[in-house]
Amino acid sequence: MSSVAVPAGLKELLQGYTVEVLRREPPDLVEFAVQHFTRILEGQKKNRGAKKRGTRPARKGVTFDTVSNKPQKVEEEDTVKSTTSKYNRRVSVCAEAYNPDDEEGDDAELRVVHPKTDVQRRRLQDACRDILLFKTLEQEQFSEVLDGMFEVLVKPQEHIIDQGADGDNFYVIEKGVYDILVQKGGVSVCVGKYDNKGSFGELALMYNTPRAATIIATQEGALWGLDRATFHRLIVRNNAKKRRTYEAFIECVPLLKSLELSERMKIVDVVGARAFKDGERLITQGEDADCFYIVESGEVKIMIKSHTKAGQQDEVEVARCSRGQYFGELALVTNKPRAASVYAVGETKCLVIDIQAFERLLGPCMDIMKRNISQYEEQRAALFDSSVN
């Protein structure tokens, strides 16, 4: 049987449609498909028309429309001027189909640079150090991301993004506490918060969908924003390459089989990859948890401190994880410190998901993880009983 080549952009096109179906739940899928792809086609025609007139489509424009009620700060006015005012207001993101492969040779696009003092850049680097979306970037790409980010100072009760609004910027938190609110049954419900670290706003930009939640500052704070065009050019394109690498692997992870395709693809987009040498410690017992691991290659051993008859503490191996298996979820699910230490056995590579993405994307897997937690507790009880007797 001859192999059939998948046309470029087909996966992204169908994935965008799937996400919209899951979000809107239309009664007639065929009619909804006609409307969805008609909007995409019209958006592409407008973009092609704009290019023929010598003007980039609105998606490429450098605009910083904030969804809050505060006045706009157009810091880049002196650097980038819009040629025609009607392109300052971009079309709805839902009408656009973004294929990262379409822009592979588009590095000539004008780069956005927001000047920063040395102190500001150091603060920004500190805030971005643990952002998984940036960990797979090359140094030059990461430097360009830092150049394109702009500071946003917020006040208490200020809306950073609103559920249902178009996604214009991605945000990294430098300081401040921010509530995450979702409309459920017409009532706004707080489903979580960011406390002085983390990032948000990437999903609407990656999947061209409206904002899935409202983010409100509960105190004065500072954020760093990255505009949509730069985010697409650097982050989304890089993630498209990463998706091609990890897509098949994620589909084979037993824990994630209960997720829909669109949910698995979101996980692919937020994972980072880390390599560990033989004997290197990945997790330390007693420390706070900030991420979750899936073994891509190699093996890890899980060790728990156990009291000996002499009153000393020794680490005892309780389990091993190999390709496709996961660890580190116990502390995230129970909100407790790490219950064990984990060490690499030989050269090992793991996919890493940070705590914010874990809580946001792995909800459907929670029942599976809770069942496994009860098994861990039984193993731990048996271990300590045997070490004392």
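Each value, and the rule that gives it
For every chain, the first residue of the written sequence is number 1, and numbering continues from 1 onward in sequence order. Thresholds applied to this predicted model are a pLDDT of at least 70 for local features of residues and 80 or more for the giving and counting of side-chain atom pairs; totals over whole chains, interfaces and linings are not thresholded and use all residues. Side-chain metrics rest on all non-hydrogen atoms present in the structure, leaving aside hydrogens and water. One speaks of a salt bridge when a side-chain nitrogen belonging to Lys or Arg is within 4 Å of a carboxyl oxygen belonging to Asp or Glu. For every residue, the accessible area obtained with a 1.4 Å probe (protein chains only) is divided by the maximum for its type, and the residue is called buried under 20%, exposed over 50%, and partly exposed between those limits. Numbered from the N terminus, helices here are DSSP runs of H or I no shorter than four residues, and strands are runs of E no shorter than two. Contacts between residues were defined by any pair of non-hydrogen atoms, one from each residue, lying within 4.5 Å. As used in this record, nonpolar core signifies buried Ala, Val, Leu, Ile, Met, Phe, Trp, Tyr and Cys residues forming a set joined through side-chain atoms within 4.5 Å. Patches here: salt-bridge-free residues with over 30% relative accessible area, like charges joined within 9 Å, nonpolar side chains (Val, Leu, Ile, Met, Phe, Trp, Tyr) joined within 5 Å. Residue exposure ignores everything except the shown protein chains as possible cover, and the areas themselves are Shrake-Rupley values with a 1.4 Å probe. The convention is simple: Lys and Arg are positive, Asp and Glu are negative, and His and the chain ends are not counted. Charge positions come from single atoms, namely NZ of Lys, CZ of Arg, CG of Asp or CD of Glu. The rule is simple: put a 1 Å grid over the protein atoms alone, call a set of points where a 1.4 Å probe fits but cannot get out a cavity, call an open set with protein on both sides within 12 Å along at least five of seven lines a pocket, and count a residue as lining if it has an atom within 4 Å of a point. Grid points are joined across faces, edges and corners, and a volume is the space filled by probe spheres set on the points.

Novice: Which residues make up the pattern of salt bridges, and what values go with them?
Specialist: Where side chains of opposite charge bring their charged atoms close, a pairing between them can arise. Summed over the entire model, instances satisfying the criterion amount to 8 salt bridges. Connected via shared salt-bridge partners are Arg123, Glu151 and Glu174.

Novice: Describe helix α5 (residues 139-148), naming the residues involved and giving the relevant values.
Specialist: Those residues of α5 that fall on the buried side of the exposure criterion are Phe142, Glu144, Val145, Leu146 and Gly148. On its buried face, α5 is in contact with α3 (118-128), α4 (132-135), β1 (150-154), β8 (221-227) and α7 (228-251).

Novice: Explain the environment of Ala222 residue by residue, including any values.
Specialist: Mapped onto the elements, Ala222 comes out in strand β8. Residue class for Ala222 comes out buried when judged on its relative accessible area of 1%. When the C-alpha positions of Ala222 and Glu174 are compared, they lie 5.5 Å apart, and in sequence the two are 48 residues distant.

Novice: I'd like a rundown of the nonpolar core, residues and numbers included.
Specialist: One finds Phe134, Met149, Phe170, Phe231, Leu256, Ile267 and Phe292 to be the most contacted residues of the largest nonpolar core, which totals 49 residues. With 7 residues, the top contributor of residues to this core is α7. The contacts of Ile267, once residues within four sequence positions are left out, are Ile250, Leu256, Leu259, Ile353, Leu361 and Leu362. Counting 17 residues, the second largest nonpolar core, distinct from the first, contains Leu132, Ile283, Ala340 and Val352.

Novice: Now, about a nonpolar patch on the surface: what can you tell me, with residues and values included?
Specialist: A cluster of nonpolar side chains, Val187, Val189 and Val191, forms an exposed patch at the surface whose accessible area comes to about 220 Å². Within the secondary structure, Val187 sits in strand β5 (residues 187-195).

Novice: With reference to specific residues and values, describe a negative patch on the surface.
Specialist: A contiguous patch of negative charge on the surface is contributed by Asp130, Glu287, Asp288 and Asp290. Within the element layout of this structure, Glu287 appears in the loop between β10 (281-283) and β11 (291-307).

Novice: Got a sec to walk through empty space enclosed by the protein? Specific residues and values, please.
Specialist: Within this structure, the stated rule accounts for 3 cavities of 30 Å³ or more. What the largest cavity holds in volume is close to 90 Å³. Every residue along the wall of the largest cavity is listed here: Ile131, Leu132, Leu133, Ser199, Glu202, Val270, Asp354, Gln356, Ala357 and Arg360. Put simply, the parts of the chain that give the lining of the largest cavity at least two residues each are α4 and α10 (355-361).

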